[in-house]
Amino acid sequence: MLGALVSSSSSTFLSSSLGKSSSSLSGSSVPAFSRLSVRSMADSAFKKIQIQRDDTTFDAYVVGKDDAPGIVVIQEWWGVEVEIKNHAIKISQLDPGFKALIPDLYRGKVGLDAAEAKHLMDGLDWPGAVKDISDSVNWLKANGSKKVGVTGMCMGGALAIASSVLIPEVDAVVGFYGTPSSELADPAQAKAPIQAHFGELDHIVGFSDVTAARNLEEKLKASGVAHEVHIYPGNGHAFLNRSPEGVSRRKSLGDSDDDEAAVELAWSRFNSWMKHYLA
């Protein structure tokens, strides 16, 4: 199922990265009490809801003003954990204020180390994930948000870009370091405006490296939708992840850049894009 999102060369890269880093990630250098306290603080900001999808339901986590423009925030391969919750909280606090919703694509499961995260991503029902995102968009529109965007990081970034093709109700998209394969969605058929962000040193070939970013840009030109593709010099994969746990994971996977200016620039561009199209 991984082939529906990531090219075989990307899968090979991820597997080799896991071989080098799984042991260090599973025993993260961040103290356990620190990780738990950060998670507790993040959890307390959210309202947990359930959304109906076909004949089942899934959990989602909402933060922000009830009548604000909505943004669906899609998880990385780890699942719904502290990093994606931190991103959602930040999004809710950006001007003019947004209502952020994280759908739980893994149904409560979280990858505690890279091997678990890879296993969860490999087993994801991708068409089902798109349905979760679509129903999340519709929930926001039915609950006070006149316009709704979609964003995500890594796996979530690819799904966010795919949502512009597959979900007509989406009003704007921002994707971070991830592109969908042609089996999932063709960005040349995008319908909603797309902004995308990539690190120059990202080494996940065919998924989020510079070549993948440039290929995405060419497809978006063909689509005719408004778009921006930004590449950040000296930055690698997942450069937005700034929690102690996120930094530890990134270093274990070979990404050691520490560029707060790039992080702030990316968030500023995100804010301007979503404010323009949703507010």
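Fair warning: this is a prediction, and the values are worked out from it, not measured in the lab.

A. A look at the pairing of strand 6 (residues 172–176). In terms of burial, strand 6 is largely enclosed, as five of its five residues are buried. Here strand 6 shows a buried face lined by Ala172, Val174 and Phe176 and a second buried face lined by Val173 and Gly175. Sheet analysis places strand 5 (residues 148–153) next to strand 6, joined by five bridges and oriented parallel. Its bridge partner lying in strand 6, Thr151 is registered against Val174. Handedness of the strand 5-helix 6 (residues 155–166)-strand 6 crossover: right-handed. For strand 6 and strand 7 (residues 194–199), the ladder comprises four bridges, and the chain directions are parallel. By the bridge assignment for strand 7, Gly175 is matched with Ala196.

B. View of the environment of Val165. Here Val165 is to be found in helix 6. Using a relative accessible area of 11% as the deciding quantity, one classes Val165 as buried. Considered as a pair, Val165 and Ala185 are 20 residues apart in the sequence and their alpha carbons are 6.5 Å apart. Not counting residues up to four positions away in its chain, the partners in contact with Val165 are Ala185, Asp186, Pro187, Gln189, Ala190 and Lys191.

C. Here's a closer look at the pattern of salt bridges. Summed over all chains, the structure comprises 12 salt bridges. In this structure, Asp132 and Arg53 form a salt bridge, with 2.9 Å as the shortest nitrogen-oxygen distance. Of this pair, Asp132 sits in helix 5 (residues 126–142) while Arg53 sits in strand 1 (residues 47–53), and the two are 79 residues apart along the sequence. Neither Asp132 nor Arg53 differs from the other in exposure class; each is buried. Across the pair Glu218 and Lys221 runs a salt bridge whose closest N-O atoms are separated by 3.4 Å. You can see Glu218 and its partner Lys221 sitting in helix 7 (residues 210–223), three residues apart, about one turn around the helix.

D. Representation of the nonpolar core. Counting residues in each nonpolar core, the largest one holds 47 residues, and the members touching the most others are Val72, Ile74, Trp77, Leu101, Val150, Met155 and Leu159. The element that contributes the greatest number of residues to this core is helix 5, accounting for seven residues. Of all hydrophobic cores here, the second largest spans 35 residues; its members include Tyr61, Leu240, Val263 and Ala266.

E. Seen up close, helix 7. With 14 residues, helix 7 extends 20 Å between its outermost C-alpha atoms, agreeing within 8% with the 20 Å of an ideal straight helix rising 1.5 Å per residue. Of the residues making up helix 7, those classed as buried are Ala212, Ala213, Leu216, Glu217, Leu220 and Ser223. The arc enclosing the buried residues of helix 7, seen along the axis, measures out at 140 degrees, which places them on a common side. Buried residues along helix 7 sit in contact with helix 6, strand 7 and strand 8 (227–232).

F. Spatial organisation of unusual backbone geometry. In this chain, Asp95 is followed by Pro96 through a cis amide linkage whose omega measures 5 degrees. Assignment of secondary structure puts Pro96 in the loop between helix 3 (82–93) and strand 4 (99–103). Unusually for a residue other than glycine, Arg107 sits at a positive phi of about 55 degrees. Mapping Arg107 onto the fold places it in the loop between strand 4 and helix 4 (114–122). You can call Arg107 partly exposed: its relative accessible area is 38%. For Ala238, which is not a glycine, the phi torsion comes out positive at approximately 60 degrees. As for its position among the elements, Ala238 is in the loop between strand 8 and helix 8 (244–252). A residue is classified by how much of its surface remains accessible, and Ala238, at 6% relative accessible area, is buried.

Definitions and cut-offs
Residues numbered from 1 in each chain as written. Predicted model: local features only at pLDDT ≥ 70, side-chain atom pairs only at ≥ 80, totals over all residues. Heavy atoms only, no water. Buried < 20%, exposed > 50% of the residue type's maximum accessible area, 1.4 Å probe, protein only. Helix = DSSP H or I, 4+ residues; strand = E, 2+ residues; numbered from the N terminus. Pairing = 2+ DSSP bridges. Right-handed = clockwise from strand over helix to strand, strands pointing away. Contact = heavy atoms within 4.5 Å. Salt bridge = Lys/Arg side-chain N within 4 Å of Asp/Glu carboxyl O. Core = buried A, V, L, I, M, F, W, Y, C linked by side-chain atoms within 4.5 Å. Expected span 1.5 Å × (residues − 1). Arc of directions from axis to C-beta.

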